[in-house]
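Structural overview
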Amino acid sequence: MPPSGPATILHAADLHLGAPLDALGARVPAAVAEHLRSRSREAFDNLVNVAIERQVDAVVLAGDVYDGADREVASQFRLAKGLGRLGEAGIRVFIAHGNHDPLLADMRLAKDLPVGVTVFGTNAPEVHELATRAGHTLHIAGVSFAKTAEQRNLAQMFHSLDTPVLSTIGVLHTNVGGNTGHDPYAPCTPADLQAAPVAYWALGHIHLRQVESMGLGRYWAYPGNLQGRSTKPAECGAKGALLVGFDASGALEPEFVALDAVRFQRVDVDVSSATNIGDALELLGGALSVAASDAGARSLVVKATLVGSTTAHRSLLDSASDLLGLARENYSVGLGDGALLSVRVGTRPHVTRQELVDRGGLLAELLGAVDALRADPQLSDTLSSVDHDATRKIVSSTFAADPGAVSGVVDELERLLIDGLVED
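Report on the accompanying structure. For clarity, every value in this text was computed on a predicted model and none was experimentally measured. (Residues numbered from 1 in each chain as written. Predicted model: local features only at pLDDT ≥ 70, side-chain atom pairs only at ≥ 80, totals over all residues. Heavy atoms only, no water.)

Some remarks on the packing of aromatic side chains
We apply this condition: Within 6.5 Å between ring centres, the rings of Phe, Tyr and Trp (the latter by its six-membered ring) count as paired, and their orientation is classed by plane angle as stacked under 30 degrees, edge-to-face over 60, tilted in between. Put simply, DSSP marks the helices as runs of H or I at least four residues long and the strands as runs of E at least two long, and each gets a number from the N terminus on. For every residue, the accessible area obtained with a 1.4 Å probe (protein chains only) is divided by the maximum for its type, and the residue is called buried under 20%, exposed over 50%, and partly exposed between those limits. Criterion for a charge above a ring: Lys NZ or Arg CZ within 6 Å of the ring centre, and within 35 degrees of the ring normal.
Throughout the structure, instances matching the rule amount to 4 aromatic pairs. Consider the rings of Phe-158 and Trp-201, whose centres lie 4.8 Å apart with planes at 65°: the pair is edge-to-face. Taken together, the residues Phe-158 in the loop between β6 (137-142) and β7 (168-173) and Trp-201 in strand β10 (residues 200-204) connect sequence positions 43 residues apart. You'll find Phe-158 and Trp-201 in the same group, each marked buried. An angle of 85° between the planes, with centres 6.2 Å apart, marks the rings of Tyr-200 and Phe-246 as edge-to-face. Placement of Tyr-200 in strand β10 and of Phe-246 in strand β13 (residues 240-247) is noted, with a sequence separation of 46 residues between them. With a relative accessible area of 1%, Phe-246 lands in the buried category. The lysine or arginine in question, Arg-209, covers the ring of Phe-256, its NZ or CZ lying 3.6 Å from the ring centre.

Dropping the structure here:
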């Protein structure tokens, strides 16, 4: 009989079970931090629940299932219990290990994985046939890291697969195209992926979701990590997995499914209309309520920045160290069981940049120099070599928090110029 519908898999990666959410540090009360850590563990339960509810044929986990190679014991039991539920529902599970949880030869587990779970080895891609509920046959191939700093181009190993292209899934933890935000482990190129007889590459390692078409019926994709862990850009926003269908034409366009239980978010609050600190904090409170509503039942952790040109600029700067406490006490009700981690002042005096340029003089010349700096193709190197202590401190501290924040450094330099010279 012909297939009765598409086959489906749920593709997840970078679960990082056992991750301590150290980013919370001492910035929130201990009880709140512990609650958020406890809630973050629900993301894996959400993965299992959705797989069962959507009646997928398989769950594919593309590396870094655990946060560390020592595989925290509690996390091993949690994983085994969840995978056991999938097995009871007739759902196969396929796991490739990555740099956080390499498949080391001397590894000793505290808990065996249940029947129905396939862990790919390290020497070469292993292929497993999967007969699906709808009557399709999928071929799932994968390979695991043998060590943390895996330098082999594992994708090229898939080129010799003898499987039908449109029914083959490749499972791999890899850095495609030299993404500078992550370690260059198991490096490969899009061309390496394209050359393999694979309809859908289920990838892991990069924490930002990315779906790329390789032509009709073929994709490579990162689902991003299952649960955000900090307010770094790559950790913010909705996190989850990709639901992927397959029919005779190959892979269908992946569908994102949000599974995170704690959501990290950066919130920019325009306080241009504020005339005093109270006005600005009320605007912040409104923005927090909107963000919490968008997050639904999840716990929301926010890093807030006040932005805009406002007459309250100087007052906000003078009271910057008090804003977090005031906001938490009076304006963060909408966050519920979440947390406000920080409130940064990124406002400007109530004067337009163009007005400053039109005035001419030293500040106009300096703003012109800033524009030239923005256009510098070697901006990162230029900033790092500036012979000015304050500038280098801004560069180093900003890059430490967010290596990709080159434009943010220039914005901060411009703000300092305006703050230091306009009011003087």
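Structural notes on unusual backbone geometry
Positive phi outside glycine occurs at Gln-55, with the angle close to 50°. Tracing the backbone shows Gln-55 in the loop between α2 (42-53) and β2 (58-62). Positive phi outside glycine occurs at Asp-64, with the angle close to 55°. Locating Asp-64 in the fold gives a position in the loop between β2 and α3 (73-88). You can call Asp-64 buried: its relative accessible area is 1%.

Thoughts on the sheet that holds strand β17 (residues 299-309)
The test is simple: One bridge is not enough; two strands pair if DSSP finds at least two bridges between them. Axis definition: a line fitted to C-alpha atoms, over the contacting stretch in the case of helices. Angles run 0 to 180 degrees between N-to-C directions. When checking whether two residues touch, look at their non-hydrogen atoms; a contact exists if any pair is within 4.5 Å.
Strand order in the open sheet formed by 3 strands is β16-β17-β18, with parallel pairing between adjacent strands. In this open sheet, the two strands that pair with only one neighbour each are β16 (262-270) and β18 (339-348). Sheet twist, expressed as the average angle between the axes of neighbouring strands with direction ignored, equals 15°. Of the strand pairs in this sheet, β17 and β18 are connected by 9 bridges, and their pairing is parallel. Across the sheet, Ala-304 pairs through a bridge with Val-343, a residue of β18. Sheet contacts for helix α1 (residues 30-40): β16, β17 and β18; angle to β17, the most-contacted strand, approximately 115°. Here helix α5 (residues 277-295) sits on the sheet and contacts β16, β17 and β18; the angle it forms with β16, its principal contact strand, is near 145°.

As for the environment of Ala-320
Following the sequence through the fold, Ala-320 ends up in helix α7 (residues 320-330). Taking the C-alpha atoms as reference, Ala-320 lies 7.3 Å from Arg-344; in sequence the two are 24 residues apart.

Remarks on the sheet that holds β6
Strand order in the open sheet made by the 6 strands is β5-β6-β7-β10-β12-β11, with mixed pairing throughout. At either end of the open sheet lies a strand with only one pairing partner, and these are β5 (126-131) and β11 (210-213). When the angles between neighbouring strand axes are averaged without regard to direction, this sheet yields 20°. Where β6 lies against β7, 4 bridges are found, and the strand directions are parallel. The residue of β7 that forms the bridge with His-139 is Thr-168.

Here we look at the nonpolar core
Looking at soluble globular proteins, one finds that nonpolar side chains tend to be buried together. Rules: For this analysis, a nonpolar core means a set of buried residues of the types Ala, Val, Leu, Ile, Met, Phe, Trp, Tyr and Cys, connected via side-chain atoms within 4.5 Å.
One finds Leu-10, Leu-15, Phe-44, Leu-47, Val-59 and Leu-61 to be the most contacted residues of the largest nonpolar core, which totals 27 residues. Put simply, the parts of the chain that give this core at least two residues each are β1 (7-12), α2, β2, α3, β3 (92-96) and β13. Ranked by residues supplied to this core, first place goes to α2 with 6 residues. If we skip the residues at most four places from it in the chain, Leu-10 touches Leu-47, Val-50, Ala-51, Val-56, Ala-58, Val-59, Val-60, Ala-241, Leu-242 and Leu-243.

What to know about the pattern of salt bridges
This is how the line gets drawn: By salt bridge we mean one thing: a side-chain nitrogen of Lys or Arg within 4 Å of a carboxyl oxygen of Asp or Glu.
Summed over all chains, the structure comprises 9 salt bridges. Two residues, Arg-152 and Glu-150, come together in a salt bridge whose shortest N-O distance is 2.8 Å. Of the residues examined, Arg-152 reaches a relative accessible area of 29% and is grouped as partly exposed. Between Arg-298 and Asp-260 there is a salt bridge whose closest N-O contact spans 2.9 Å. Of this pair, Arg-298 sits in the loop between α5 and β17 while Asp-260 sits in the loop between β15 (255-258) and β16; the two residues are 38 residues apart in sequence, bridging distant segments of the chain. In this structure Asp-260 comes out as buried when scored by relative accessible area, which is 2%. One network of salt bridges, in which partners are shared, links Arg-39, Glu-42 and Asp-337.

Keep in mind that these numbers describe shape and distance, not what the molecule does.
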